[in-house]
Structures are given as structure tokens and as C-alpha cells.
Amino acid sequence: PISNSEGDLLFLLDSSGSVSYYEFSKVKEFMWDLVQPFTFGPKDVQASIIHISTTPTMEFPFDRYLSSGTLQQAIRDTQQLMGDTNTGKALSYAKEKFFSDEAGARPDVPKVLVWVTDGFSTDDISEPMQLLKDMGVTVFIVSTGRGNYLELSAAASQPPEKHLHFVDVDDLPIITKELRDAILDVIQANRLHAVDITSSSFRLMWPKLLSQETGYYTLEYAPTDDLARKRTKQVSGDHSSLVLSDLAPETTYEVALIPESNVHYFPPQATRVTTLAEEISPVQVLISESGPHSFHVSWAPMLDSVVGYQILYGPLPGNSVKLLEVDGKHNSTVVENLAPNTTYLVTVTAVYRSGKEKSLSAKACTQE
């Protein structure tokens, strides 16, 4: 689950008569899927649904469902209202609810609007949409119909390639992960979070709270299952990111950021980050295009974490070995100047950025 992320997430759901029952159920499935990994609650994500119909209607306020299970059930139970597609009206209503206590919205958290539409509206949307964006709402639009591209790209947050999706209703699952990640980026921009996660490192990002003059940050991190192995780093107040390295693969770390300010009190922020599995490359070595004096060696997979490959080769039996070096962007090479009708042992070693190495061998025979 994704936690440590406060945000108010509002779905604007086209519930009008222009949407078929089938489309409506597919859109609900998509929303259901989108919210699954989030953690809900007063300190995490809160979600609400507003129906687009003749009169806009709120299905439930932000603070009603505090777990993804209850929220998913509420999405499943949502019934289509039919009526007209008065999107502009619904947007004006959304603006009120996004910023109102009685709808359970919170004053200082990021606001995200996800509008799923068949691309059709009976009233003007540009003015109410602009008001929402002026108030700091990030607008994502998913159009399952043809829709007017210019109108929708003007309505979505900028840049449209990140915030506007055109997709057939049956293909909604294709964009689920991308949209979820984009929503997360918005929600986490003002919190401690990790990016560029590898098997042995990750980069922490956090909001600019201090300056060089006003204080410094203390970072504490330790594996979840062994908090006694806590490590601490101090970073000057003008930093808002730091790479932690020399970490164990497939390990979850608890990370805390403590702003030490000489002006204001800032509460510590915490997050939890899991490193990736140890990458293993190469897992296969293939020999092809064998001739009397050469053969072609290729290997897979190729990984960004590999700086280069070393290819050692020598005749069997024997101990004379030659070395070829290939940079990490290539996954094949030709070995030349070989003796005909000879069996060679070829070993491909991947050298990782972390300094670690992994090797795999194969036999190759030259032709007569």
C-alpha cells in the first residue's frame, strides 16, 4: 500500500444518459482499480465522487470511507443517475465541495480532480475548470469518447501529455498505472518520498522547508526489521534531496526527515522505501554465427544498472584467456582471430554501478 501521502482525490463521474450501462460499469471498475493501493484516512488520501447529471450530486463526502476496501465497495455500489451532461455545473459544484469542511475536504492538502468523460458536455466547462485550476487543483481528464482534443487539452492541467488520456472504455486498464503514478506525484510533491529506487540505493526528495541560514536536516534510516541498525546523515538546509546508497537488496527501510530549524518548528516526515531485488544479468549467453575464426556472443537481459561487460574467452582445455570489454549499452560482440575446429569457454561478466559483478559462461565451437 502507498501511505504517507495526504491528498483529496475527487472523481467527476459522467452519470448522464449519454453513457451506456456497460460504459458506466467499466469506468467504475477503472476507478476501483485506481484507488486500490492507496491508504485512506485523515492523514492519508481521501476520496469523493460527484456525478455529472442534470443536477450535480455528491455520492459520498471525502471523509466517509477510511480504507480502500470500504471505498472500493462504495464505488461498486454507485448507481448511474441518467439525466443531462451538465459538466460545467458539476465543476462549479466540485469547486465548492473541494474546499468545504462539511464535505470533509482538508485545507492544506494537494487536490486532484479525475474527470472521466465520453467527451461530451451540454454546457460550458472552460470557466469553472479555470477557477478550479486557479485554486491549485490538478486536473486529470480521461476521455473514453472522441471528445474535442483542443477543448480537453485546454481543460486539463499542463502539460496535457501528462494529464489527458484518450482511451477506449475497454482499454482503461492500460492507463491505470500511469495515471495512478501521476496522481501520486502530485500528492507526494510536498512530502518526503523516494525516487530512482535500485537494489542498493534510492534518492530521497522533500519539500524546501529550510535555507542554509535557517537550519539543517537530519535523516535517519534503518531496515524495518532491524531498527537498531539506524544510520544518520546531516544535510545543509539548502538541500531538498539526497541519495542513500550501500543498501541491502529487497529490504524495506524506514526513513525519517527531521528539519532542525532555528526559526519555526517543522514536524518530522517519515516514509517507507523497499529496494529492488538484486538485478541479475546476464541470465543467458547465446553463441551464434560461428565460423572457423570467429563467433558472435550475445547476452540478456540488459540493465541500466550495468556499467559494462567483460568477455573472457580461451580454448578448452587450456589456460590462455583473452579479454574483451563492452560498454553497458551493448549486449553483443564478435570474438575474432580464433583457431578453427576448437572449443572455447566464453564467460560474460556484468559489472554494476555498485561495483558488484555477475558472471555466466557458455561453450562455443569454431568450425573447421
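Computed from a predicted model, the values in this text were never measured in an experiment.

Quick notes on the rules
Residues numbered from 1 in each chain as written. Predicted model: local features only at pLDDT ≥ 70, side-chain atom pairs only at ≥ 80, totals over all residues. Heavy atoms only, no water. Helix = DSSP H or I, 4+ residues; strand = E, 2+ residues; numbered from the N terminus. Rg over C-alpha atoms; globule rule 2.2 N^0.38 Å. Buried < 20%, exposed > 50% of the residue type's maximum accessible area, 1.4 Å probe, protein only. Contact = heavy atoms within 4.5 Å. Areas by Shrake-Rupley, 256 points an atom, 1.4 Å probe, with all protein chains shown as cover. Lys, Arg positive; Asp, Glu negative; His and termini not counted. Charge placed at Lys NZ, Arg CZ, Asp CG, Glu CD. Pairing = 2+ DSSP bridges. Axes fitted to C-alpha atoms, helices over the stretch in contact; angles between N-to-C directions. UniProt positions renumbered as here; feature names shortened; annotations may be inferred. Parallel < 35°, antiparallel > 145°, perpendicular 65-115°, else oblique. Left-handed = near helix turned anticlockwise from the far one by under 90°. Nonpolar A, V, L, I, M, F, W, Y, C, P; charged D, E, K, R; others polar. Expected span 1.5 Å × (residues − 1). Bend = angle between axes of the 7 residues up to and from the residue. Phe/Tyr/Trp six-rings, centres within 6.5 Å; stacked < 30°, edge-to-face > 60°. Core = buried A, V, L, I, M, F, W, Y, C linked by side-chain atoms within 4.5 Å. Patch = residues over 30% accessible without salt bridge, like charges linked within 9 Å, V, L, I, M, F, W, Y side chains within 5 Å. Salt bridge = Lys/Arg side-chain N within 4 Å of Asp/Glu carboxyl O.

## Some points on the overall build of the chain
- In terms of regular secondary structure, the chain is built from 7 helices and 20 strands.
- For 368 residues, the compact-globule formula gives about 21 Å, and the C-alpha radius of gyration of the chain, at 27 Å, lies well above that figure.
- Judged by the C-alpha coordinates and their principal axes, the chain covers about 85 × 55 × 35 Å.
- Within the chain, the proportion of its 368 residues that are buried is 47%.
- Here the analysis covers contacts within the chain between residues at least 6 apart in sequence; of these, 66% occur between residues at least 24 apart.
- When the accessible surface of the chain is split by element, carbon and sulfur atoms take 51% of a total near 18,000 Å².
- Computed over 29 positive and 47 negative side-chain charges, the inter-centroid distance for the chain is 5 Å.

## A few points about the sheet that holds strand E16 (residues 306-315)
- In spatial order, the strands read E17-E16-E19-E20; together these 4 strands make up an open sheet with antiparallel pairing. The outermost strands of the open sheet, each flanked by one partner alone, are strand E17 (322-327) and strand E20 (357-365). Recorded for the sheet is a direction-independent mean angle of 20 degrees between the axes of neighbouring strands.
- Pairing between E16 and strand E19 (residues 343-352): 9 bridges, direction antiparallel. The residue bridging Leu-312 from the neighbouring strand is Thr-347, located in E19.

## Observations regarding the pairing of E16
- Direction of pairing for E16 relative to E17: antiparallel, over a ladder of 6 bridges. Bridging from a neighbouring strand, Leu-312 pairs with Leu-323 of E17.
- Counted between consecutive antiparallel strands, the loop separating E16 from E17 contains 6 residues, among which Gly-318 sits at a positive phi close to 150 degrees.

## Describing the UniProt feature "domain: VWFA" (unreviewed entry) in the chain
- In the UniProt entry, the feature "domain: VWFA" (unreviewed entry) is given for residues 8-187.
- Between the end C-alpha atoms of residues 8-187 the distance is 9 Å, and the span holds 41% helix and 20% strand.

## Some remarks on unusual backbone geometry
- Pro-301 follows Ala-300 through a cis peptide bond whose omega is -5 degrees.
- Along the polypeptide, Pro-301 turns up in the loop between strand E15 (295-300) and E16.
- A cis amide bond links Leu-316 to the next residue, Pro-317, at an omega of -15 degrees.
- Relative to the helices and strands, Pro-317 resides in the loop between E16 and E17.
- Look at Met-82: it is not a glycine, yet its phi comes out positive at around 65 degrees.

## Considering the packing of helix H3 (residues 87-98) against helix H4 (residues 126-134)
- The N-to-C vectors of H3 and H4 enclose an angle of 20 degrees; their axes lie 8 Å apart at closest approach. Between H3 and H4, the angle falls in the class roughly parallel. The element H3 and its partner H4 pack so that their crossing is left-handed. On the side of H3, the interface is formed by Gly-88, Leu-91, Ser-92, Lys-95 and Phe-98, while H4 contributes Pro-128, Met-129, Leu-131 and Leu-132.
- Residue composition of the contact of H3 with H4, by class: 6 nonpolar, 2 polar and 1 charged.

## Observations regarding helix H7 (residues 172-188)
- For H7, which comprises 17 residues, the first-to-last C-alpha distance of 24 Å matches the rise-based estimate of 24 Å (1.5 Å per residue) to within 8%.
- At Glu-178, H7 shows its largest bend, some 25 degrees.
- What H7 keeps buried is the set Leu-172, Ile-175, Thr-176, Leu-179, Arg-180, Ala-182, Ile-183, Leu-184, Ile-187 and Gln-188.

## A look at the packing of aromatic side chains
- According to the stated counting rule, one finds 9 aromatic pairs in the structure shown.
- Relative to Phe-40, the ring of Phe-38 has its centre 6.5 Å away and its plane inclined at 70 degrees; by these criteria the two rings are edge-to-face.
- On the basis of relative accessible area, Phe-38 is assigned to the buried category, the value being 2%.
- Phe-40 gets classed as buried once you look at its relative accessible area, which sits at 6%.
- Consider the rings of Phe-60 and Tyr-65, whose centres lie 4.9 Å apart with planes at 90 degrees: the pair is edge-to-face.
- One aromatic cluster in this structure is built from Phe-62, Phe-98 and Phe-99.

## Some remarks on the nonpolar core
- Formed by 33 residues in total, the largest nonpolar core has its most connected members in Leu-9, Phe-11, Val-114, Val-142, Leu-172, Leu-179 and Ile-183.
- Contributions of two or more residues to this core are made by strand E1 (7-14), helix H1 (21-35), strand E2 (45-52), helix H2 (68-77), strand E4 (111-117), strand E5 (137-143) and H7.
- Aside from chain neighbours lying at most four places away, what touches Phe-11 is Met-31, Leu-34, Val-35, Ser-48, Ile-49, Ile-50 and Val-114.
- Ile-52, Phe-98, Ile-125 and Val-137 belong to the second largest nonpolar core, which has 25 residues in total.

## Examining a nonpolar patch on the surface
- On the surface, Tyr-149, Leu-150 and Phe-166 cluster together into a nonpolar patch covering about 330 Å² of accessible area.
- For Tyr-149, the position within the fold is in helix H5 (residues 149-155).

## Structural notes on the packing of H1 against H2
- For the pair H1 and H2, the least separation of the axes is 9 Å and the interaxial angle reads 175 degrees. Our classification of the angle between H1 and H2 gives roughly antiparallel. In this structure, H1 uses Lys-28, Met-31, Trp-32 and Val-35 to contact H2, whose residues at the interface are Ser-68, Leu-71, Gln-72, Ile-75, Arg-76 and Asp-77.

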